[in-house]
Amino acid sequence: MMRLPFVKKGLPPASRLLPVIVGVLIAGLFLMVGLVLITPHLEPAGRGQAANITGYSAQGFKGLRDVLEASNYKTTLSRQETGPQKVSDLVIVTLDGDSALFNDDPEYYEPQPVPEERSASSTSSASASSQTSAQMQEKLKQAQAEASASQAAQEASSTSYEAKAEAKKADDYWPTPSAEKAERLVYKPIGKVVLVVAPKWSASPMPSHPRWDINPHFQAPNRVFSQLTLLSPVHKKTVQEDGETRYKITYQRLNYALGRAPLGRYKSYALTPAAGQTTLTKAYTSGRIRGLQSLNGPNLTPLLLGPDGEVLLSRVNPMPGEKPFKSPVYLLSEPDLMDNQMLADPERVAGALSIIEAIAPGARTVAFDVTFNNLAYEQNLMHHVARAPFIGVPLCLLVLALAMLWSAYSRFGPAHDPSTDTPHGRGVTVLADNAARLIAKAGREPKLAPAYAQLVRDQALKALGLGRHSAGPDELAERLSEKHNTPERYSALRAEADRLSNPMQLLSWARRLHAWKHQITER
């Protein structure tokens, strides 16, 4: 049998590999349980241009979480879509157009006419009431000219996703909103107060720095409006068509007004609380913002206004005939007041904190609901097993691993020293030990000396190959003593064995007998 070059002494017996195999199995069970219980609850890795709490780019909200943590708020990421969840004082939902907000399957998709858009560069209807018609005409012409220029730049830098969205828009189709997401937002929120941040930007990653932005541009108004449909109830009804189960989605598409300042200019705005409300009482400066975005609609009550009456923060109200919302819902029209861009201006950071303190006074816990950003963790079996009632499976594996550990320790026991272990097994060792203790208790150790002398003599003769000699063993031992000129003769040591009377004499005599054996066998 050919041996491997790196195995010099051959493989150890299989019995010695058994403890190693069991140890590897136990370690594997512990590792499996740890992965099942810990991995689903790990926070997702930071994303580049995503407009959510994990985004590091200009339109992300990673900085908002850091600011809240530094301000003694306890923040968490909610990734669980179903089941009981802990309710926080405030939940923040950032909309960034992910597919998680819509039902893209054919059984959910219904053709519906796209409502007439309000001008993407016009001011909100709230500002129209505070200006003369001549001022409005002049402002509208200027805004339309700037919007045309910015629209050309947007089309030149649009991504393939934007192109698909425009193609879908041409067919007069909107993606159907998710009934589950709308229910979670207005009727089953995971916070006592809900703050929804409207979408605004789309951008591409910089090739040299994937977390940085290049070519930022406005999201298409229809994309913004389609995401805002979640602010009203969305109803799902099961119907049978041609033997197949389909879902009929009904919802109310409100006519929102979207206002945006010119894209190419950075400008600082004086923000003031809206009249007739007591939620916000502090005015502050927005800092340098490009393309100030405002939203107005029939279900929105303005709370924070721009210099020309632009609605930047509003409270969302149920429409007539709808059930009351479970928690207060607020809509932030301008995400740049809270996204990573706010870190460039301390006053804007203070303003963001003041908004949070105003809409959720006394709040200490803030949850970011990332299930609206396609980051829910109910996506594979491992995530389900980490929650009740299936969590019993990894717990059983943990108990099994502990049982195997205990069983292996009891089976193999502590490590043994091969140089001192007896080859006859544990039973023979215990029997010999008990017999030795009994002889010691009886004080009969010196009586073993003659038999022990014969045992040492036979070991010496066997070591020299004289086990089958014609002469007697005592005679051969005496001849060996004479041949090697040992200080003590075997015959004298054998005669002395009959005269020993205590263990101390026996121990001294045994040492001399072993010295005699060593002198005749080692030369």
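Residues numbered from 1 in each chain as written. Predicted model: local features only at pLDDT ≥ 70, side-chain atom pairs only at ≥ 80, totals over all residues. Heavy atoms only, no water.

### Regarding the pattern of salt bridges
Part 1: The tally for this structure, following the rule as stated, stands at 14 salt bridges.
Part 2: The residue Lys 181 makes a salt bridge to Glu 81 at a minimum N-O spacing of 3.0 Å. One end of the pair, Lys 181, is in helix H6 (residues 179–186); the other, Glu 81, is in the loop between strand E1 (74–78) and strand E2 (90–94), and 100 residues separate them in sequence.
Part 3: Among the ionic contacts, a cluster of salt bridges with common partners joins Lys 200, Glu 334 and Asp 336. (Salt bridge = Lys/Arg side-chain N within 4 Å of Asp/Glu carboxyl O. Helix = DSSP H or I, 4+ residues; strand = E, 2+ residues; numbered from the N terminus.)

### Comments concerning the confidence of the model for the protein
Part 1: With 76% of its residues at a pLDDT of 70 or more, the protein shows a mean pLDDT of 79.
Part 2: Of the regions scoring below 50 in pLDDT, residues 106–137 engages in 74 contacts with residues more than four places distant in sequence or in other chains.
Part 3: In the model, residues 143–172 has pLDDT below 50 throughout and makes 28 contacts with residues more than four positions away in sequence or in other chains. (pLDDT = per-residue confidence, 0-100. Contact = heavy atoms within 4.5 Å.)

### Some details on helix H14 (residues 490–497)
Part 1: Looking at H14, one finds that the buried residues are Tyr 490, Leu 493, Glu 496 and Ala 497. The arc that holds the buried residues of H14, viewed along the axis, is 130°, so those residues lie on one side. (Buried < 20%, exposed > 50% of the residue type's maximum accessible area, 1.4 Å probe, protein only. Arc of directions from axis to C-beta.)

### Let's talk about the nonpolar core
Soluble globular proteins tend to bury their nonpolar side chains together.
Part 1: Leu 64, Leu 90, Ile 92, Leu 195, Leu 313 and Met 338 are the most contacted members of the largest nonpolar core, which has 40 residues in total.
Part 2: When residues in this core are grouped by element, the largest group, 6 residues, is from helix H8 (residues 346–359).
Part 3: Apart from residues no more than four positions distant in its own chain, Ile 92 is found in contact with Leu 64, Leu 195, Val 197, Ile 356, Val 366, Ala 367, Phe 368 and Asp 369.
Part 4: In terms of nonpolar packing, the next biggest core, distinct from the first, is built from 34 residues, Tyr 187, Ala 198, Leu 228 and Tyr 256 among them. (Core = buried A, V, L, I, M, F, W, Y, C linked by side-chain atoms within 4.5 Å.)

### Observations regarding a nonpolar patch on the surface
Part 1: A cluster of nonpolar side chains, contributed by Phe 30, Leu 402 and Leu 405, occupies part of the molecular surface with about 260 Å² of accessible area.
Part 2: Here Leu 402 lies in helix H10 (residues 392–412).
Part 3: For Leu 402, a relative accessible area of 45% gives the class partly exposed. (Patch = residues over 30% accessible without salt bridge, like charges linked within 9 Å, V, L, I, M, F, W, Y side chains within 5 Å. Areas by Shrake-Rupley, 256 points an atom, 1.4 Å probe, with all protein chains shown as cover.)

### Focus on the packing of helix H2 (residues 62–70) against H8
For any two helices packed against each other, the geometry comes down to the angle between their axes and how far apart the axes lie.
Part 1: Remark: H2 packs on H8, axes separated minimally by 11 Å, with the N-to-C direction vectors making an angle of 75°. Here H8 runs roughly perpendicular to H2, going by the angle between their axes. Note on element contacts: H8 touches H2 through Val 349, Leu 353 and Ile 356, opposite Leu 64, Val 67 and Leu 68.
Part 2: Taken together, the residues of the contact of H2 with H8 sort by class into 6 nonpolar, no polar and no charged. (Axes fitted to C-alpha atoms, helices over the stretch in contact; angles between N-to-C directions. Parallel < 35°, antiparallel > 145°, perpendicular 65-115°, else oblique. Nonpolar A, V, L, I, M, F, W, Y, C, P; charged D, E, K, R; others polar.)

### Topic: the environment of Pro 216
Part 1: Mapped onto the elements, Pro 216 comes out in strand E7 (residues 213–218).
Part 2: Contacts of Pro 216, omitting those with residues within four sequence positions, involve Trp 201, Ser 202, Ala 203, Leu 263 and Arg 290.

### Here we look at the environment of Arg 253
Part 1: Position of Arg 253 relative to the elements: it lies in the loop between strand E9 (244–251) and strand E10 (257–260).
Part 2: With a relative accessible area of 19%, Arg 253 lands in the buried category.
Part 3: With 23 residues separating them along the chain, Arg 253 and Leu 230 place their C-alpha atoms 9.5 Å apart.
Part 4: Within the local environment of Arg 253, its side chain forms a polar contact with the side chain of Tyr 251, the two groups lying 2.3 Å apart. (Polar contact = N/O pair within 3.5 Å; in protein donor to acceptor, adjacent residues only side chain to side chain.)

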